[in-house]
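Survey of secondary and tertiary structure
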Amino acid sequence: MRKIVLSVIFMCLACMAMAQGGAATAPAETPRALSAEEYAKAKAFKVKDLDNDTYVKFENTYVLDRYEMRKPYFITGDDGLKKRIDLYKLIAKDGMQELGTMIYYTNEKGTLYTAVLPGFRADAAIWGKYFEDIHAIDKEEKNFVLKLSYVLSKEFGFQLYKAANQGKNLKAESGTYSNNICFPGTQQVTMADGATRALKDIRPGDQVVTVDPGSHRATTVRVKALVAHEAKNYAITSLLVVAGREQATANGTEVHISSRVLQATPNHPMMTASGKKRVGDINEGEQIICQDENTHTYQTFTVFNKMEAAGGVQPVYNIVADGGSTFMMNGVMVLQK
């Protein structure tokens, strides 16, 4: 996802206690956390038949109980490949205390990946190991963390998902704020023929797509100039926007998920469902217009994550056109300056 790696970095502990405390039936038992040894052991637990095995015992010590008896999620992304996610509660049989959630992720080739989401009592080292594990899977399975976050946000509404850019943050890097309303040169502009081209490679005379914010009708306009601003360590706002279409079936929940990442200086204007806003003022949960890659129509996507960070020393660019009011940048509708 273009330098953005999603990670679960903040947990609402009170809500998680409610969600993961339901299995405990012996209030006299002293609540305990998942240990490092148990974390490593649980990663090896396998469910033989994910379609039918809803309650499985291991070593006569642990139980895997299908989460809320939910059927699996089948998630198809922009690449057309269908993935499967199954969730099981990880329970210590002694006292029936819930220690965490087992995540089983099966790709279109049948390859199974396992992760263990710790319970809220687990210490920071175990949470760190969980983050390492899911990002390792993400390197093999493109957009794994995005798809997992979508499912967990549906099942665990208390969890808040934030974007992380290699651990960087704006305060630490002292990003430059300026009056320039621009984009990094790597952002992709939609051309008149439907192809995309890096913004820095746009030239006067090129024909690019503009979309009417009200009617969603697309036309083309001619580029008059590409304005380049000097290289600085600009503050860059990144928006991860997602559209998910769900359908309940006999086998589980079918999800078709599309996502886009837009990067811009915080003061660039955009049109949201609630009106015109600067990119830096847009909040998670707001809706903006994007192009659906499959239907080539313009649909409403929801801002799933927002991050602001110094983008490193680089020039930034903007297009001057002979008409229209918008451009499509990385498949996201942005307003002209």
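The shown structure was predicted, so the numbers you read here are calculated from the model rather than taken from an experiment. (Residues numbered from 1 in each chain as written. Predicted model: local features only at pLDDT ≥ 70, side-chain atom pairs only at ≥ 80, totals over all residues. Heavy atoms only, no water.)

A closer look at the overall build of the protein
The condition is simple: Strands are runs of DSSP state E lasting at least two residues, helices are runs of H or I lasting at least four, and both sets are numbered from the N terminus onward. Buried means the residue's accessible area, taken with a 1.4 Å probe over protein chains only, is under 20% of the maximum for its type, while exposed means over 50%, and partly exposed covers the values in between. Here a residue-residue contact requires only that any non-hydrogen atoms of the pair lie within 4.5 Å. Per-residue accessibility takes into account occlusion by the displayed protein chains alone, with areas from the Shrake-Rupley method and a 1.4 Å probe.
Counting its regular elements, the protein contains five helices and 20 strands. The 337 residues of the protein split such that 51% are buried. Nonlocal contacts in the protein, meaning residues at least 24 apart in sequence, comprise 62% of its contacts between residues at least 6 apart. Entry remark: accessible area of the protein is about 15400 Å², with carbon and sulfur atoms responsible for 50%.

What about empty space enclosed by the protein?
Our working rule: A cavity here means a set of points on a 1 Å grid, drawn over the protein atoms and nothing else, where a 1.4 Å probe fits but cannot get out; a pocket is an open set with protein on both sides within 12 Å along at least five of seven lines, and a residue lines either one if it has an atom within 4 Å of a point. Grid points are joined across faces, edges and corners, and a volume is the space filled by probe spheres set on the points. In the scheme used here, Gly and all other residues not listed as nonpolar or charged are polar, with Ala, Val, Leu, Ile, Met, Phe, Trp, Tyr, Cys and Pro taken as nonpolar and Asp, Glu, Lys and Arg as charged.
Applying the stated criterion across every chain, the model contains one cavity of 30 Å³ or more. When its volume is computed, the largest cavity comes out at roughly 50 Å³. Taken together, Arg 66, Tyr 67, Arg 70, Lys 71, Pro 72, Tyr 73, Ile 85, Asp 86, Leu 87 and Glu 155 make up the full set of residues lining the largest cavity. A total of three residues in the lining of the largest cavity trace back to one element, the largest contributor, which is strand β5 (residues 82-92). When its residues are assigned to classes, the lining of the largest cavity shows five nonpolar, no polar and five charged.

Looking at the nonpolar core
Spelled out, the test is: By nonpolar core we mean a set of buried residues, namely Ala, Val, Leu, Ile, Met, Phe, Trp, Tyr and Cys, connected to one another through side-chain atoms within 4.5 Å.
In terms of nonpolar packing, the biggest core is built from 48 residues, with Phe 45, Leu 64, Leu 90, Met 102, Ile 103, Tyr 104 and Tyr 130 touching the most fellow members. For this core, the element with the highest residue contribution is helix α4 (residues 144-155), accounting for seven residues. Within the second largest apolar cluster, 27 residues are counted, among which are Phe 183, Ile 282, Ile 288 and Val 303.

A closer look at helix α3 (residues 124-140)
Applicable threshold: In this scheme, a helix's expected span is set at 1.5 Å multiplied by one less than its residue total. For this analysis, a polar contact is any N or O atom pair within 3.5 Å, provided that within protein one partner can donate a hydrogen and the other can accept it, and provided that sequence-adjacent residues contribute only side-chain to side-chain pairs.
Over its 17 residues, α3 extends 25 Å from the first C-alpha to the last, a length consistent with the 24 Å expected when each residue adds 1.5 Å. For α3, every residue scored as buried is listed here: Ile 126, Trp 127, Tyr 130, Phe 131, Asp 133, Ile 134, His 135, Ile 137 and Asp 138. Two or three places before Ala 125, at the opening of α3, Asp 123 has a side-chain oxygen 3.1 Å from that residue's backbone nitrogen.

Regarding the pairing of strand β19 (residues 326-329)
This is how the line gets drawn: DSSP bridges decide pairing: two strands pair if at least two such bridges lie between them.
In β19, alternate side chains face the same way, and those of Thr 326 and Met 328 on one face and Phe 327 and Met 329 on the other are all buried. Where β19 and strand β20 (residues 332-335) come together, four bridges link them in antiparallel fashion. Counterpart to Phe 327 in the pairing with β20 is Val 334. Connecting β19 to the next strand, β20, in antiparallel fashion are two residues, including Asn 330 with a positive phi near 55°.

Here we look at the layout of surface pockets
One number sums up the size of the largest pocket: a volume of about 650 Å³. Lining the largest pocket are 23 residues; nearest its centre among them are Asp 78, Ser 259, Arg 260, Glu 293 and Asn 330. Among the secondary structure elements, those contributing two or more residues to the lining of the largest pocket are α4, β10 (188-190) and β14 (253-264). Ranked by the residues each element gives to the lining of the largest pocket, the list is headed by β14, at five residues. The residue inventory of the lining of the largest pocket, partitioned by class, reads four nonpolar, twelve polar and seven charged.

Notes on the packing of α3 against α4
Convention followed: Each axis is a line fitted through C-alpha atoms, and for a helix only the stretch in contact is used; angles between axes span 0 to 180 degrees, taken between their N-to-C directions. If an angle is under 35 degrees, it is roughly parallel; if it is over 145, roughly antiparallel; if it lies from 65 to 115, roughly perpendicular; otherwise it is oblique.
Contact geometry of α3 with α4 gives a least axis separation of 8 Å together with a crossing angle of 125°. In terms of axis orientation, α3 runs oblique to α4. Contacts between α3 and α4 pair Tyr 130, Ile 134, His 135, Ile 137 and Asp 138 from the former with Phe 144, Val 145, Leu 148 and Leu 152 from the latter. Of the residues belonging to the contact of α3 with α4, the class tally is seven nonpolar, one polar and one charged.

A word on unusual backbone geometry
Positive phi outside glycine occurs at Glu 59, with the angle close to 55°. One can find Glu 59 in the loop between β2 (55-58) and β3 (62-66). Under the relative-accessibility criterion, Glu 59 is labelled exposed at 52%. The backbone phi angle of Asn 330 is positive, close to 55°, even though this residue is not glycine. Position of Asn 330 relative to the elements: it lies in the loop between β19 and β20.

Regarding the pattern of salt bridges
Under the convention used in this document: When a carboxyl oxygen of Asp or Glu is within 4 Å of a side-chain nitrogen of Lys or Arg, the pair counts as a salt bridge.
By the definition in use, this model includes 20 salt bridges. Across the salt bridge formed by Arg 222 and Asp 322, the nearest N and O atoms sit 3.4 Å from each other. Taken together, the residues Arg 222 in strand β13 (residues 218-248) and Asp 322 in the loop between β18 (298-321) and β19 connect sequence positions 100 residues apart. A salt bridge links Lys 232 to Glu 230; its shortest N-O distance comes to 3.9 Å.

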